[in-house]
Every structure is written in structure tokens, then in C-alpha cells.
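Structural description and commentary
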Amino acid sequence: METPTDYERPYRPAPVRVVNALGRGIDRLRAQPGLDVGTMLARARKRTGLSDYGDEWFLTPLRVLVDSINAEARLTPVGRWIQRQRIEAALATRLRLEDLLRRHPEIHDIDLGNVIVVAGLQRTGTTALHRLIASHPEVRAVTAWEGMHPLPLPGDTRDRPRARLRRARWAERGIAYLAPAFFAVHPAEHDAPEEDVLLLDLCFMSQSAEATMHVPGYARWLAGQDHTRCYEYFRTVLRALAWQRPTRHWVLKTPHHLEYLDVLLAVFPEAIVVQTHRDPGQCVVSFCSMVAHGRGVFSDRVDPREVAAHWVRKIRRMVDRAGDVRAASDPGRFVDVSYYELLRDPIAQLKRIYDQAGMPLGDGALRAAEDTVRRNPQHRYGRHVYDPESFGLTAESIERCFAAYRERHAIPRERADPVSPP
């Protein structure tokens, strides 16, 4: 299977087209068909039977996000329903965490151990490297099912997350139904390590919204905020996950961290940051394609050129800010990994990372890593095809924007091949 490149006409199963048509008819009869913060807060309280959100500072980013969705995102009725469910689930998690911390204050004192943070640009091999590091018996990542539901649901116990696993399997099947080609872009198995940006979503301050919807107002607001409280909450959620499934060490991963390395290093003083690098001429276009596919799940109106205009600026900001932070930080806290060296010899790159973190890679961990490499071959779900012309980009325009980044990290030029790895 190859991914489609007609981004302006997203794939829609016939039943979804029917539901969207009916939903639009109903919307025309409503005075305000959009999302409503007060209604979602109340629904989360009813769903959980809890009422205390604790410190409600998160309401400011939530309201900015919802206003932007209602005014700019142009969601389909199904897309709006999915976003409502995601927001209500995040609010329910906040209620459950507040209740859990009240009953188990010792969670605040849990030691997370060594924290390895994979923070390269999108489409630079971060998923493969994340899974490779997480294969170590003493290291764990946030799994997809934990990212969607970090705390026990009704029917779960602390060590038996049956309800969460069941819902995560439904979500995986839902993605495969709504966008069957998306797994070739990003494998989203319910029980595999996943981006911990899902936990940052609990504060409504992450790149997720602008990666899946047209929300320029929210994106502009987000870029000007202090993210410290969000990262502190993120650390608390990780401790709650460790309370449920103890581990000696963690590996985290999301390109979002690259933009806020200063905050991350302050909140996680034990962290080692692994920055992956690939030819911007490839990874930038590949990510624009990923965003266009993702937005097509929620909206019938996807503009590939707008996607590129927004994300080229955003990615440039990410690498520039990361470079500034690194220049002012201890170089011993960083490991650079070439995408090309990762493909050539992943185990050698893994050993470099563990050496930097001061962690042994024994025989058992080595066998687990080799097995992970075998079980995750390139193009396992199909081939991700993309073309810069679809986004109004050229090799020259991308090079002008990222020449300093390429030079700083001695990134080679990649052969022009419009196919991305998983």
C-alpha cells in the first residue's frame, strides 16, 4: 500500500459520509453547533462522579483551544465529535488524578530514575529509536493505551488495565477504519510505545492541536506561553504511571520537546536528550504530508500549502530554539544521532545512548533490542509517499530555511526519494 497524495479530498468511508451529511443538517438548526467548555467540564464530572479539578489554571489554554477550533478548524461533525471526546477524556483524567493524589500523596515522591528524551524533528527515525530504547527490560515508555487513559477506568485495577486496553484497541481500529493508509505514515498500535505528547495534551498545551487541525489562533497563542506548569504536570502524570507499573528508568519521545528544551531540562534535571537528525529536504516534506493526512481525518477542508507554510515556520522555530538552549547547556546532556547511522547500525547507536546515560546494555537488553529491530522492519504497513510540489515547496526553499541547521549538525543531503520510513 502507498499513501494517497490527494490531501484536499480525504478518504471517507461511506457510513462516515452519511453521518457527516446528517450532522451538517442538524448543525444548521442549532444556534451554536461548536464545542462548549462549560458543557465538557460538566460531562467529565458526570462521567467520573468527581468534581474537584484542583488548580484550574488549565482552563485558560482550554478556552483558547476551543475558541480556535470553533472559529477556524472547520471540522466535520464526526471530527468535532472525536475532538469533544478527546477533550472530555482529558478532563476526566485530570479529575481522576486529583482524586488519586489526594488518596496517595506518596506519588509525588516517586523517583523516575534516568530519563532519556528522544527529541528530534518529526520523521527523523524517532519512532524506531524510541521503541529500540524502550526494549530494555529496565526502561519503559508511555504506551499508547497509557497515553489515552493514564489512570484506571471503571473495571480496572491498579495492575490490571483491562478497560483501558479495550478502549485503546477500539481506538486503533477506529483509526484504521477512518484512515487506513495512516499506519504507513505513523504506526499507532495500541500497546506499543507512543509519543508522550498525549500526556501534555492533558494541559491543552501541545503541538497535537496544530498537527491535527487548522487552529492558527491557538498556535500563535501557544508559542508565546511559559510551558513550565505544563511540564510539571507532565512529570506528575509520569509518577502516577510509575506508581501503577514501577520501572527503574524512562524513555520519553515527542518532537514537541525540541521547542521547549529549556523547560524540559529544568523540570527533568536528570534527563539526557537524544536529538535525531535527517536531511530537512526530506523530513520537513514528510511531516507536512503526515499533518495533511491527520487533518483529513477531522476536516474535509485541508490546504496542503497552508500546512507547509505553518509547519516550515514552526520547524524552523523548533531547531533554532533547540540550538540556542544547547549552546547554553552542558553538552554532556545531549546525544546526536544521525538518521542514516541509525538505519545502518541501530544497535551501535543504542550503545552510544546508554553509555552517555551511564546505563549498562547487558546480554538480555541486547537480545531484546535485536528482537525489536527484527519486529519493526521498514515499510511494515506500506510506503509513505510524498512530494514537495504538493505543498508548494522546493528543495531550494527548504535549503534556504534550514541551511544553518544542516551545517551545525553536518547533516548530509539525502537522495531524492519521496518515501518516508515508519
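Residues numbered from 1 in each chain as written. Predicted model: local features only at pLDDT ≥ 70, side-chain atom pairs only at ≥ 80, totals over all residues. Heavy atoms only, no water.

Okay, the overall build of the protein next. Each helix and strand counted, the protein has 20 helices and seven strands in total. Projecting the C-alpha coordinates of the protein onto the three principal axes gives extents of approximately 60 × 55 × 40 Å. Relative to its 422 residues, the protein shows a buried fraction of 56%. Intrachain contacts of the protein at a sequence separation of at least 6 include 83% that bridge at least 24 residues. (Helix = DSSP H or I, 4+ residues; strand = E, 2+ residues; numbered from the N terminus. Buried < 20%, exposed > 50% of the residue type's maximum accessible area, 1.4 Å probe, protein only. Contact = heavy atoms within 4.5 Å.)

It is worth spelling out the sheet that holds strand β3 (residues 249–253) at this point. The five strands lie next to each other as β2-β3-β1-β4-β5, forming an open sheet whose pairing is parallel. At either end of the open sheet lies a strand with only one pairing partner, and these are β2 (139–140) and β5 (334–338). Two elements, β2 and β3, share two bridges in a ladder whose sense is parallel. Paired with Val 139 across the two strands is His 249, which belongs to β3. (Pairing = 2+ DSSP bridges.)

Another point: the nonpolar core. If you look at the biggest cluster of nonpolar residues, it comprises 103 residues, and the most contacted ones within it are Leu 91, Tyr 231, Leu 238, Trp 250 and Phe 268. Residues Ile 116, Ile 133, Ala 141 and Tyr 354 belong to the second largest nonpolar core, which totals 21 residues. (Core = buried A, V, L, I, M, F, W, Y, C linked by side-chain atoms within 4.5 Å.)

Another point: helix α7 (residues 162–178). The terminal C-alpha atoms of α7, which comprises 17 residues, lie 24 Å apart, in line with the 24 Å expected from a rise of 1.5 Å per residue. Buried residues of α7: Ala 163, Arg 164, Ala 168 and Leu 178, and no others. Seen end-on, α7 carries its buried residues on one side only, within an arc spanning 130°. Facing away from the buried side of α7 by more than 90 degrees, the exposed set consists of Trp 170 and Arg 173. Buried-residue contacts for α7 involve α1 (14–29), α4 (77–103), α6 (144–148), α12 (228–244) and α15 (280–298). (Expected span 1.5 Å × (residues − 1). Arc of directions from axis to C-beta.)

Under the criterion given, the structure shown has eight aromatic pairs. Both rings, one in Tyr 231 and one in Phe 234, keep their centres 6.0 Å apart while their planes meet at 80°; by these two values the pair is edge-to-face. In this pair, Tyr 231 and Phe 234 are both assigned in helix α12, three residues apart and thus about one turn of the helix distant. Across the pair, Phe 234 and Tyr 231 agree in class, each one buried. Grouped by ring-pair contacts, the aromatic residues Tyr 53, Phe 58 and Phe 204 constitute a single cluster. It is Arg 158 that lies over the ring of Trp 243; its NZ or CZ is 3.9 Å from the centre. Its guanidinium or amino end placed over the ring of Tyr 339, Arg 278 lies 4.5 Å from that ring's centre, counting from NZ or CZ. (Phe/Tyr/Trp six-rings, centres within 6.5 Å; stacked < 30°, edge-to-face > 60°. Lys NZ or Arg CZ within 6 Å of the ring centre and 35° of its normal.)

With that settled, consider unusual backbone geometry. Note: most peptide bonds trans; most residues except glycine with negative phi. Look at Arg 74: it is not a glycine, yet its phi comes out positive at around 55°. You can see Arg 74 is positioned in the loop between α3 (59–73) and α4. Accessibility expressed as a relative area gives 35% for Arg 74, which makes it partly exposed. The residue Ala 410 is not glycine, and still its phi comes out positive at about 50°. Along the chain, Ala 410 falls in the loop between α20 (395–408) and β7 (419–420). Under the relative-accessibility criterion, Ala 410 is labelled exposed at 64%.

Turning to the packing of α3 against helix α11 (residues 216–223), a few remarks are in order. Their axes nearest at 7 Å, the elements α3 and α11 cross at an angle of 150°. Taken together, the axes of α3 and α11 are roughly antiparallel relative to one another. Judged by residue contacts, Thr 60, Pro 61, Val 64, Leu 65, Ser 68 and Glu 72 of α3 engage Pro 216, Gly 217, Tyr 218, Arg 220 and Trp 221 from α11. The residue inventory of the contact of α3 with α11, partitioned by class, reads six nonpolar, three polar and two charged. (Axes fitted to C-alpha atoms, helices over the stretch in contact; angles between N-to-C directions. Parallel < 35°, antiparallel > 145°, perpendicular 65-115°, else oblique. Nonpolar A, V, L, I, M, F, W, Y, C, P; charged D, E, K, R; others polar.)

Quick look at the state of the cysteines now. By definition, a disulfide links the sulfur atoms of two cysteines through a covalent bond. Applying the stated criterion across every chain, the model contains zero disulfides. The cysteine Cys 203 is free of any disulfide, with Cys 230 supplying the nearest cysteine sulfur at 3.9 Å. Distance from the sulfur of Cys 283, which forms no disulfide, to the nearest cysteine sulfur (Cys 288) is 9.7 Å. Residue classification places Cys 283 among the buried positions, given a relative accessible area of 2%. (Disulfide = S-S within 2.5 Å.)

The grouping of Arg 160, Arg 162, Arg 166, Arg 167, Arg 169 and Arg 173 at the surface amounts to a positive patch. Looking at the element boundaries, Arg 169 is found in helix α7. Among the residues examined, Arg 169 registers a relative accessible area of 32% and is labelled partly exposed. (Patch = residues over 30% accessible without salt bridge, like charges linked within 9 Å, V, L, I, M, F, W, Y side chains within 5 Å. Areas by Shrake-Rupley, 256 points an atom, 1.4 Å probe, with all protein chains shown as cover. Salt bridge = Lys/Arg side-chain N within 4 Å of Asp/Glu carboxyl O. Lys, Arg positive; Asp, Glu negative; His and termini not counted. Charge placed at Lys NZ, Arg CZ, Asp CG, Glu CD.)

The next thing to look at is the environment of Trp 221. Mapped onto the elements, Trp 221 comes out in helix α11. Take Trp 221: its relative accessible area is 21%, and that puts it in the partly exposed class. For Trp 221 and Leu 65, which are 156 residues apart along the polypeptide, the C-alpha to C-alpha distance reads 9.2 Å. The contact partners of Trp 221, leaving out residues within four places of it in the chain, are Thr 60, Pro 61, Val 64 and Met 205.

What follows is about the pattern of salt bridges. Overall, the coordinates contain 32 salt bridges when judged by the stated rule. With a closest N to O distance of 2.7 Å, Glu 341 and Arg 344 form a salt bridge. Separated by three residues within a single helix, Glu 341 and Arg 344 lie in helix α17 (residues 339–344), roughly one turn from each other. Taking the relative accessible area as the measure of exposure, Arg 344 reaches 60% and is therefore exposed. A single network of salt bridges, built from pairs that share partners, joins Glu 210, Glu 259, Lys 314 and Arg 317.

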